[in-house]
Amino acid sequence: MATVLDPAGAPAADERPPARRTKSTTPGGRRRHLPPLLAISPFYVLFAVFGAFPIVFSVYLSFQDWDGIGDMRFVGLQQYGWLLRDSVFWHSVLNTFEIWFLSTVPMLFLALVLAFLLHSQVRFTGAYRVAYFIPNVTSMVAMTVVFGSVFAQAGLANAVLRAIGVDGIGWLSSEWGIKSSVSLMIIWRWVGYNALIFLAGLQAIPTEHFEAARVDGANSRQTLFRVVLPQLRPVVLFAAVTSTINGLQIFTESQVLFQSTDTGTTGGPGQEGMTIVLYLWQKAFKEHQFGYGAAMGWVLFAIIAIFTIINWRLVSGSDDDRRPGLAGLLRRKGARDGR
Amino acid sequence: MAADDRTTSSAHLAIGSGSRLSRIGVRATLLFGVLVSLFPFYWLVVLASGTTQDIYRYPPKLLPGPHLLDNMGRVLDTVDFFGSLFNTVVVAVLGTVLVLFFDSLAAFAFAKYEFPAKKFLFGMLLVTYMIPAQLSLVPQFVTMAEFGWAGSLKALIIPSAANAFGIFWMRQYAQNSLPDELLDAGRIDGAGFFRLYWTVAVPLFRPALAFLGIFTFIGLWNDYIWPLVVMIDPDRVTLQVALANLNVLYNTDYSLVMAGALMSVIPLILVFLIGARHFLRDLAAGAMKM
């Protein structure tokens, strides 16, 4: 999960005068640097061992054919060649994008609507926030199990449909049923989260702006499109980028819904629920093709990078002064799921 | 869909001139949202307290049944629930404590001290953010296997014991809530770096630590893909993996699986509800400053 956190709204490090200048020219001064360097070292040591090294190693690994136990065999770029010709991989890419689109667009729209409603509401706001945020903090595995039963052939979703005289849908057996089920789970999980982020953005808009709009005779539609939405753009950008990053890494929903004892997982009937990360996991850890898994990790990385940039461009538009700097974007990308 | 109209009218309301009717509409919509948010939890309780036959009944039973305790008891007989609960608690608690300690220590140094290559090191910290976890899933597992840590709780705790997000966030907080005068006063009294950190900084960091703590705890508790990959011994897994296994092996016994799911969700919901006020306020406060 990612989150927006900048509690202090502090300027970037380079704009800020140093809190305390120590003279590093004298020998005694130099030794004074030791405690702060020691203090920051755990992160860099851990990152070197568990972050940087594995990444460098994965480049090497992606050029090898290796089952994790026997000898590695150098195959050069062949893993990437196989990957590009692997129809299941391309299917998983397409599925991931379809699910991402089906979930992100309605989710951001609904979140915006909810945020506006919450903003106009004065009573019980605390209770609403808790209620809307709870889906986001609960275990995805447990909730996927619940949704799995709701979307089962004889489950609640079809019972409701039949009660209103509509035929049941193959939620977990048909192509669009599978994609809709996974998307609905994602929407349920993230709508409230994004609504709270948008709400905070709305609350940050100074009331004078609304008054100015009113004095100028703007109606509510003009106020919404000319005053509110432009000011919300950085927040919407943040939500769009994080939703893309999260959306391209969908795993748990598909894995838990369609896992079975005999086949491992195939992403459900017709592999319509197979996502990129699910395929990566299956190839590397179920079929022990570590080189292939490493290569897929890099392709996923490239896809995420490209889409993050596109997303960023799209939402931030063409006027450069509105675009937050890289540091600004980075500091808004939380790391709850990241290691 | 009428939602577009609603957006407009709520913006109208937001600037303070809504009619009584649209106010009722706003409340009804918000309440409907709450019901949708909470319904899966209610349904979890219904399924976990009924029998497996109830689930296939048409029309479905919409009220909780009397079998909750039986079903929970069967979970305890079927899987080592307390074993995996223990693993999860150890990982979440130890992991959170380490993150709070290392992140706040580093944040204190970054916020209040000068040292060589500080800008470069902080920039590097931000760049590490950009790397998606899945990229290093395979090599990280191989690293763990080489260390002999695969299957051990160390593999879940140590790699995430300090993170860029927490350091960045705590540093922002430290810059604004920790007055230099206070540190100078401490220095006059002869306190060194670590003493100042522990006696001056940590007490003032408390609200920020509370948020980071809940945030980290929830993340560690819910993590699924990494424990799934690295906890190679099926008898020694975390709650999330145990629940997924229960779902695969007993998926015809719905009420058993649902009771397990309920038991895995309850502790976390309690943690969230206890800390929710602080948590959500900080989340919103952070976004407002963007």
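For every chain, the first residue of the written sequence is number 1, and numbering continues from 1 along that sequence. Chains and ligands are labelled sequentially in the order written, the chains with letters from A and the ligands with numbers from 1. In view of the model being predicted, local features appear only for residues whose pLDDT reaches at least 70, and side-chain atom pairs are presented and counted only at 80 or more, with totals across whole chains, interfaces and linings using the full set of residues. Values reported for side chains reflect all heavy atoms of the structure, with hydrogen atoms and water molecules removed beforehand.

## Quick look at the overall build of chain B
- The numbering of helices and of strands both runs from the N terminus, where a helix is a DSSP run of H or I of at least 4 residues and a strand a run of E of at least 2. The helix and strand tally for chain B stands at 14 helices and zero strands.
- In sequence order, chain B lays out its α and β elements as α-α-α-α-α-α-α-α-α-α-α-α-α-α.
- The C-alpha atoms of chain B give 24 Å as radius of gyration, which overshoots the globular expectation for 290 residues (19 Å, by more than 25%).
- Dimensions of chain B along its principal axes, counting C-alpha atoms only, are 75 × 65 × 35 Å.
- Each residue is assigned to one of three classes by its accessible area relative to the maximum for its type, calculated with a 1.4 Å probe on protein chains only: buried under 20%, partly exposed between the two thresholds, exposed over 50%. Counting all 290 residues of chain B, 57% fall into the buried class.
- Pairs at least 24 residues apart make up 73% of the contacts formed inside chain B by residues separated by at least 6 positions.
- Carbon and sulfur atoms make up 66% of the accessible area of chain B, which totals about 12,300 Å².
- Working convention for charge: Lys and Arg count positive, Asp and Glu count negative, and His plus the chain ends are omitted. The atom standing in for a charge is NZ when the residue is Lys, CZ when it is Arg, CG when it is Asp and CD when it is Glu. Computed over 19 positive and 18 negative side-chain charges, the separation of the two mean positions in chain B equals 10 Å. Computation of the radius of gyration draws on C-alpha atoms alone. For the globule rule, the value is 2.2 Å times the number of residues to the power 0.38. Residue contacts are defined here by distance: any two heavy atoms, one from each residue, within 4.5 Å place the two residues in contact. For accessible areas, the Shrake-Rupley method is used with a probe of radius 1.4 Å. Any residue's cover is judged against the shown protein chains and nothing else.

## Observations concerning the overall build of chain A
- Tallying secondary structure elements over chain A gives 14 helices and four strands in all.
- In chain A, which comprises 339 residues, the proportion classed as buried is 56%.
- Partitioning the intrachain contacts of chain A with sequence separation of at least 6 by distance along the chain shows that 68% fall at a separation of at least 24.
- Accessible area of chain A: about 14,300 Å², with a carbon and sulfur share of 62%.

## A few points about the interface of chain A and chain B
- The interface of chain A with chain B comprises 123 residues on the first partner and 128 residues on the second.
- Should a side-chain nitrogen of Lys or Arg be within 4 Å of a carboxyl oxygen of Asp or Glu, the pair is scored as a salt bridge. Along the contact surface separating chain A from chain B lie zero salt bridges.
- Any N or O atom pair separated by 3.5 Å or less is treated as a polar contact, with the protein-specific requirement of one donor-capable and one acceptor-capable atom, and with residues adjacent in sequence counted only for side-chain atom pairs. Where chain A packs against chain B, one counts 11 residue pairs in polar contact (both at pLDDT 80 or more).
- Top element by residues in the side of chain A that touches chain B is helix α2 (residues 34-61) of chain A. It accounts for 19 residues.
- By residue class, the composition of the side of chain A that touches chain B is 84 nonpolar, 25 polar and 14 charged. For this classification, the nonpolar set comprises Ala, Val, Leu, Ile, Met, Phe, Trp, Tyr, Cys and Pro, the charged set comprises Asp, Glu, Lys and Arg, and every other residue, Gly included, is treated as polar.

## Structural notes on the pattern of salt bridges
- Within this structure, the stated rule accounts for nine salt bridges over all chains.
- Notably, a salt bridge pairs K283(A) with E287(A), separated by 2.8 Å at the nearest N-O pair.
- Across the pair D253(B) and R74(B) runs a salt bridge whose closest N-O atoms are separated by 2.6 Å. Here D253(B) is found in the loop between α13 (239-249) and α14 (254-288), whereas its partner R74(B) is found in helix α4 (residues 68-78), with 179 residues between them in sequence.

## Remarks on unusual backbone geometry
All names here are of chain A.
- Even without glycine at this site, Q271 takes up a positive phi of about 55°.
- Although it is not a glycine, H288 adopts a positive phi angle of roughly 55°.
- Following the sequence through the fold, H288 ends up in the loop between α12 (276-286) and α13 (290-316).
- The class for H288 is partly exposed, based on a relative accessible area of 41%.

## Examining the nonpolar core
- We define a nonpolar core as any set of buried Ala, Val, Leu, Ile, Met, Phe, Trp, Tyr and Cys residues linked to one another through side-chain atoms lying within 4.5 Å. Ranked by internal contacts, the top residues of the largest apolar core, which has 200 residues, are F133(A), F285(A), F108(B), F205(B) and F272(B).
- The element best represented in this core is helix α11 (residues 193-222) of chain B, accounting for 17 residues.

## Things to note about the UniProt feature "transmembrane region" (unreviewed entry) in chain B
All names here are of chain B.
- UniProt positions are given in the numbering used here, feature names are shortened, and annotations may be inferred rather than shown by experiment. As annotated in UniProt, the feature "transmembrane region" (unreviewed entry) corresponds to residues 30-50, 81-108, 120-141, 147-169, 196-221 and 256-280 in the numbering used here.
- Between the end C-alpha atoms of residues 30-50 there is a gap of 30 Å, over a span that is 90% helix and 0% strand.
- Secondary structure over residues 81-108 splits into 100% helix and 0% strand, and the C-alpha atoms at its two ends are 40 Å apart.

## Concerning the UniProt feature "domain: ABC transmembrane type-1" (unreviewed entry) in chain B
- Those residues carrying the UniProt feature "domain: ABC transmembrane type-1" (unreviewed entry) are residues 85-275 of chain B in this numbering.
- Here residues 85-275 of chain B runs as 76% helix and 0% strand, with 21 Å between its end C-alpha atoms.

## Some points on the environment of V79(B)
- Its place among the elements puts V79(B) in the loop between α4 and α5 (81-112).
- Between the C-alpha atom of V79(B) and that of M231(B), which follows or precedes it by 152 residues, the distance is 16 Å.

## Here's the deal with the UniProt feature "transmembrane region" (unreviewed entry) in chain A
Residues and elements named next belong to chain A.
- The feature "transmembrane region" (unreviewed entry), as given by UniProt, occupies residues 37-63, 99-118, 130-152, 186-205 and 290-312 in the numbering adopted here.
- Annotated as residues 99-118, this span is 100% helix and 0% strand, and its ends, taken at the C-alpha atoms, are 28 Å apart.
- Counted over residues 130-152, helix gives 83% and strand 0%. Its end C-alpha atoms are 29 Å apart.

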